[in-house]
Amino acid sequence: AAGVIQSPRHLIKEKRETATLKCYPIPRHDTVYWYQQGPGQDPQFLISFYEKMQSDKGSIPDRFSAQQFSDYHSELNMSSLELGDSALYFCASSFGGEFYEQYFGPGTRLTVT
Amino acid sequence: AQKVTQAQTEISVVEKEDVTLDCVYETRDTTYYLFWYKQPPSGELVFLIRRNSFDEQNEISGRYSWNFQKSTSSFNFTITASQVVDSAVYFCALSEAQGGSEKLVFGKGMKLTVNP
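This section reports on the structure supplied with the text.

Rules behind the numbers
- Residues numbered from 1 in each chain as written.
- Chains lettered and ligands numbered in written order.
- Predicted model: local features only at pLDDT ≥ 70, side-chain atom pairs only at ≥ 80, totals over all residues.
- Heavy atoms only, no water.
- Disulfide = S-S within 2.5 Å.
- Helix = DSSP H or I, 4+ residues; strand = E, 2+ residues; numbered from the N terminus.
- Buried < 20%, exposed > 50% of the residue type's maximum accessible area, 1.4 Å probe, protein only.
- Contact = heavy atoms within 4.5 Å.
- Buried area = accessible area lost by both parts, 1.4 Å probe.
- Salt bridge = Lys/Arg side-chain N within 4 Å of Asp/Glu carboxyl O.
- Polar contact = N/O pair within 3.5 Å; in protein donor to acceptor, adjacent residues only side chain to side chain.
- Nonpolar A, V, L, I, M, F, W, Y, C, P; charged D, E, K, R; others polar.

**Regarding the state of the cysteines**
Throughout this description, disulfide means a covalent bond between two cysteine sulfur atoms.
Residue and element names in this part refer to chain A.
At step 1: Scanning the model with the defined rule gives two disulfides over all chains in all.
At step 2: A disulfide bridge connects Cys23 with Cys91, and the sulfur atoms are separated by 1.7 Å. Taking the torsion about the S-S bond as the criterion, the Cys23 to Cys91 disulfide, at about -50°, is left-handed. Of this pair, Cys23 sits in strand S3 (residues 19-24) while Cys91 is found in strand S9 (residues 87-94), placing the two residues 68 residues apart along the sequence.
At step 3: With relative accessibility at 0%, the residue Cys23 sits in the buried group.
At step 4: Cys91 sits in the buried class, given a relative accessible area of 0%.

What follows is the structure, encoded as structure tokens:
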């Protein structure tokens, strides 16, 4: 079965650079969530989209922005990267935005040096 | 505000032992969903179970079982006859129904090590 695809899987950036993470949800899923998991931490909700509209926003820094496109894929744009942004970034998708199981992608490991 | 507490941070057992992972949650909503996810060393998050607040039936899936008790706001997870492949970090998570958001709030996770 198709799963959530995230690219790239690994990314190394320097401080103050920008990064773009991509997420391709499971086919027919219309809801995308982004989570950030720091080393040894639990995943923290950043932002979500339902039918291409932002549906909720968590502790996402102003330096980050995201959107969901017409084909339902989503991109998380991160600017002025800081060392503390080093983390595993997960995208999850679900269908209908109604508490169906959120299926997580494999994550993008971002390292900021 | 919603909160999930996993009091145990790390457990180490020997293969074939049974192990129970505790999860206590806080929410003001009457409708909510509880989840368990497994995160093996490779890093991905694997969905294990979802339970809604109106369904207190316990569930068994192979060696896994879940005990949901609204009276104590707990959703505990038991692995019977543990195996080395069960070694992972396990997260309990909560999602509230109100407000139009289904975001997950995770507990801090519990690292399980199963030794041969």
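Moving on, there is more to tell.
**Regarding the interface of chain A and chain B**
At step 1: With 19 residues of chain A at the contact, the number on the chain B side is 20 residues.
At step 2: Summing both partners gives a buried area of about 1800 Å² for chain A against chain B, and 58% of it is carried by carbon and sulfur.
At step 3: If you look at where chain A meets chain B, you find two salt bridges.
At step 4: Between Lys108(B) and Asp42(A) there is a salt bridge, and its shortest N-O distance comes to 3.2 Å.
At step 5: Where chain A packs against chain B, one counts five residue pairs in polar contact (both at pLDDT 80 or more).
At step 6: Where the side of chain A that touches chain B is concerned, the elements lending two or more residues are strand S4 (31-37), strand S6 (53-57) and S9 of chain A.
At step 7: Among the residues forming the side of chain A that touches chain B, the class breakdown is ten nonpolar, five polar and four charged.

Structural measurements only, silent on function.
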